[in-house]
Amino acid sequence: MPLDAPTLNSLGLPKPPSETRVVVAMSGGVDSSVVAAMLAEEGYDVVGVTLQLYDHGAALAKKGACCAGIDIHDARRVAEQMGFPHYVLDYENIFRDAVIDEFAESYLGGATPVPCIRCNERVKFKDLLETAKDLDADCMATGHYIQRMVGDQGAELHSAADANRDQSYFLFSTTPEQLDYLRVPLGHLKSKAETRELAAKYGLSVADKPDSQDICFVPDGNYASVIEKLRPGAAEPGEIVHADGRVLGEHRGVIHYTIGQRRGLGIGGLTEPLYVVKLDVDNKQVIVGPKEMLATRKVPVREINWLGDAPFTSREEWHLSVKVRSTRPPREAIVRPISETEAEVELVVAEEGVSPGQACVFYDPDSSRIFGGGWIWRGY
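Anyway, here's the lowdown on the structure attached to this text. Computed from a predicted structure; not experimentally measured.

Moving on: the overall build of the protein. When its secondary structure is counted, the protein shows seven helices and 17 strands. Computed over the C-alpha atoms, the radius of gyration of the protein is 23 Å, within 12% of the 21 Å expected from 2.2 N^0.38 for a compact globule of 380 residues. When the backbone C-alpha atoms are referred to their principal axes, the protein occupies close to 80 × 50 × 35 Å. Within the protein, residue pairs in contact and separated by at least 24 positions form 63% of the contacts whose partners lie at least 6 positions apart. Of the roughly 18000 Å² of accessible surface on the protein, 48% is carried by carbon and sulfur atoms. Charged side chains in the protein number 40 positive and 56 negative. The centres of these two groups are separated by 5 Å.

Rendered as structure tokens:
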């Protein structure tokens, strides 16, 4: 007679919460604090870990950026209140090598990078996850708004129940092995208000703390000034050139411009509105043209992380929905594999401002599942 299957706890593991160690990645914000408090109240063996990602000495008074000094303090205070250990790990060198340096090089190359994705991929879900395993944790939990569901072939990545909070665009590079180990307890909540209600229920001091808005090492949103500090001399002036070859003016450095930009070009007096359509870093030129030049249907994608059940190259084409920017809804597309990590994405309806350096994330048009994604590049 077969034995009864073991009872699973709320994290899907076959043992009591008191015997289940969970490392919670704590940024000091309300989301990860609620996750830690919730699991501690349920009786799990919680260990809080906060990463010091950059020199927070200069950022103690800056709000709206995660993992600055005040955030480390807030995370520690939550751990003390809920009675679980908390550690701060110095990841400054790892973060600079894995995230900041590439951000600078990518930006200097005329791309529009998304460092938060690289941070999740190369730091939080790589080094921190390995640290969690070194601490003998059964899993690692985060405050991200995504859902992890278990399908026929293992853990799957799904969009958050609250579309306004969904962070799947920033987590497309999470591998199947990482998904097996990760837990995201907030993904099923219907709104951020529910998270704050939970924070108030647990009496957390961060219950009313504002959400972080900017990249943590660019707390004022001024990318160009950060690049100039990292790469002195990068803001060299050059020509603003119309797509037809006419020189229209001078710019103050390619790093101050992005694809699709219209305002702040300093080339008034023209009969048609012009937009940045290309950044020619080698020739120090900002190329401008009419809005229709921004529209594109063919998007070359590489470094693909595929999360489908069947191999990526098992079909000549996949009919999916894709996001080419975090702020845009998924749009209908045909994804044609070139290799296991490269593809050409054809958008059914042309999109404006598709920019190298952004992610192209694959969504199932018939469900909440994410099939991974890759990085947009120039295609040469």
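Across all of its chains, the model carries 28 salt bridges by this definition. Residue Lys192 pairs with Asp31 through a salt bridge whose shortest N-O separation is 3.3 Å. With Lys192 in helix H6 (residues 192-201) and Asp31 in helix H1 (residues 30-41), this residue pair connects regions lying 161 residues apart in the sequence. Judged by relative accessible area, Asp31 falls into the buried class, the value being 16%. In this structure, a network of salt bridges that share partners links the residues Asp31, Arg165, Lys192, Arg196 and Asp211.

Attention now moves to helix H7 (residues 223-230). For H7, the set of buried residues is Ala224, Val226, Ile227 and Leu230. The arc that holds the buried residues of H7, viewed along the axis, is 160°, so those residues lie on one side. Where H7 is buried, its residues meet helix H3 (92-108).

The phi angle at Asp136 is positive, at roughly 60°, despite the residue not being glycine. Using a relative accessible area of 60% as the deciding quantity, one classes Asp136 as exposed. If you check the backbone angles, Glu303 has positive phi at about 50° while not being a glycine. Within the secondary structure, Glu303 sits in strand E12 (residues 295-306). The partly exposed category is assigned to Glu303, whose relative accessible area is 42%.

As a further point, take empty space enclosed by the protein. Unfilled space is identified by rolling a water-sized probe across the atoms. Tallied over the full model, the rule gives one cavity of 30 Å³ or more. Of the pockets and cavities examined, the largest cavity occupies roughly 40 Å³. Surrounding the largest cavity, Phe125, Ile146, Arg148, Thr174, Leu179, Leu182, Arg183 and Val184 form its lining. Among the secondary structure elements, those contributing two or more residues to the lining of the largest cavity are strand E5 (146-151) and strand E7 (182-183). Of the residues that constitute the lining of the largest cavity, the class distribution is five nonpolar, one polar and two charged.

A separate point is the nonpolar core. Within the largest apolar cluster, 52 residues are counted, with the highest numbers of intra-cluster contacts made by Leu53, Phe95, Val123, Met140, Phe217 and Ile227. Element by element, the count of residues in this core is highest for H3, at eight residues. Judged by nonpolar contacts, the second largest core, of 30 residues, contains Val24, Val30, Ala160 and Leu189.

As a further point, take the side chain of His242. Within the element layout of this structure, His242 appears in strand E8 (residues 238-242). Residue class for His242 comes out buried when judged on its relative accessible area of 8%. Here the side chain of His242 touches Glu272 through a polar contact of 3.3 Å, side chain to side chain. Apart from the residues within four sequence positions on either side, His242 is in contact with Leu248, Glu272, Leu274, Ile287 and Val288.

Between H1 and H6, the least distance of the axes is 9 Å, while the angle of their chain directions is 55°. Between H1 and H6, the angle falls in the class oblique. H1 and H6 meet at a crossing whose hand is left-handed. For the pair H1 and H6, the contacting residues are Val30, Asp31, Val34, Met38 and Glu41 in the first and Lys192, Thr195, Arg196, Leu198, Ala199 and Lys201 in the second. In the contact of H1 with H6, the residues fall into five nonpolar, one polar and five charged.

Our next topic: the sheet that holds strand E3 (residues 86-90). An order of E3-E2-E1-E4-E7 is seen for the five strands of this open sheet, with the pairing classed as parallel. Because the sheet does not close on itself, it has two edges, and the strands there are E3 and E7. Where strand E1 (residues 21-25) and strand E4 (residues 139-141) come together, three bridges link them in parallel fashion. Among the inter-strand pairings, Val22 is bridged to a residue of E4, identified as Cys139. The strands touched by helix H2 (residues 69-82) are strand E2 (45-52) and E3; relative to E3, the strand with the most contacts, the crossing angle is about 155°.

Here is what the cut-offs are and how they apply
- Residues numbered from 1 in each chain as written.
- Predicted model: local features only at pLDDT ≥ 70, side-chain atom pairs only at ≥ 80, totals over all residues.
- Heavy atoms only, no water.
- Helix = DSSP H or I, 4+ residues; strand = E, 2+ residues; numbered from the N terminus.
- Rg over C-alpha atoms; globule rule 2.2 N^0.38 Å.
- Contact = heavy atoms within 4.5 Å.
- Areas by Shrake-Rupley, 256 points an atom, 1.4 Å probe, with all protein chains shown as cover.
- Lys, Arg positive; Asp, Glu negative; His and termini not counted.
- Charge placed at Lys NZ, Arg CZ, Asp CG, Glu CD.
- Salt bridge = Lys/Arg side-chain N within 4 Å of Asp/Glu carboxyl O.
- Buried < 20%, exposed > 50% of the residue type's maximum accessible area, 1.4 Å probe, protein only.
- Arc of directions from axis to C-beta.
- 1 Å grid on protein atoms, 1.4 Å probe; cavity = no way out; pocket = protein on both sides within 12 Å on 5 of 7 lines; lining within 4 Å.
- Points joined across faces, edges and corners; volume = space filled by probe spheres on them.
- Nonpolar A, V, L, I, M, F, W, Y, C, P; charged D, E, K, R; others polar.
- Core = buried A, V, L, I, M, F, W, Y, C linked by side-chain atoms within 4.5 Å.
- Polar contact = N/O pair within 3.5 Å; in protein donor to acceptor, adjacent residues only side chain to side chain.
- Axes fitted to C-alpha atoms, helices over the stretch in contact; angles between N-to-C directions.
- Parallel < 35°, antiparallel > 145°, perpendicular 65-115°, else oblique.
- Left-handed = near helix turned anticlockwise from the far one by under 90°.
- Pairing = 2+ DSSP bridges.

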